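An overview of the molecular structure
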Amino acid sequence: HVANYVRATGLLRSGNAIAGVQANDVLSGDTFDIRGRMVINAAGPWLERVSGLLGNDRSFPSLAKAMNLV
């Protein structure tokens, strides 16, 4: 499934693992959960913003441009 204009606003946990994300549809304002067997952080230059959802305040080197491999 593909979802455009959706922002991750939180992370769903299962024990010590990330099980999905809490999401917000930017156009309609609806909120919903997205769960998956695997969660990949492909935020590129926004890595720190997504990492902050974990409560992690460490900084990362500015290496990301816009490349995602699956």
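Here the structure is a predicted model, which means the values were calculated and not measured.

Ordered in space as S1-S2-S3, the 3 strands form an open sheet in which the pairing is antiparallel. The open sheet is flanked by strand S1 (6-14) and strand S3 (31-35), the only strands paired with a single partner. Across the sheet, the mean angle from the axis of one strand to that of its neighbour is 30°, orientation sign disregarded. Inspection of the sheet shows S1 paired to strand S2 (residues 17-25) by 8 bridges, in the antiparallel sense. Paired with Arg 7 across the strands is Asn 24, a residue of S2.

This part is about unusual backbone geometry. Peptide bonds are, in most cases, trans, and in most cases residues other than glycine have a negative phi. Even without being a glycine, Tyr 5 presents a positive backbone phi close to 60°. Here Tyr 5 shows up in the segment before S1. On the basis of relative accessibility, which here comes to 56%, the residue Tyr 5 falls in the exposed class.

Thresholds applied
Residues numbered from 1 in each chain as written. Predicted model: local features only at pLDDT ≥ 70, side-chain atom pairs only at ≥ 80, totals over all residues. Heavy atoms only, no water. Pairing = 2+ DSSP bridges. Helix = DSSP H or I, 4+ residues; strand = E, 2+ residues; numbered from the N terminus. Axes fitted to C-alpha atoms, helices over the stretch in contact; angles between N-to-C directions. Buried < 20%, exposed > 50% of the residue type's maximum accessible area, 1.4 Å probe, protein only.

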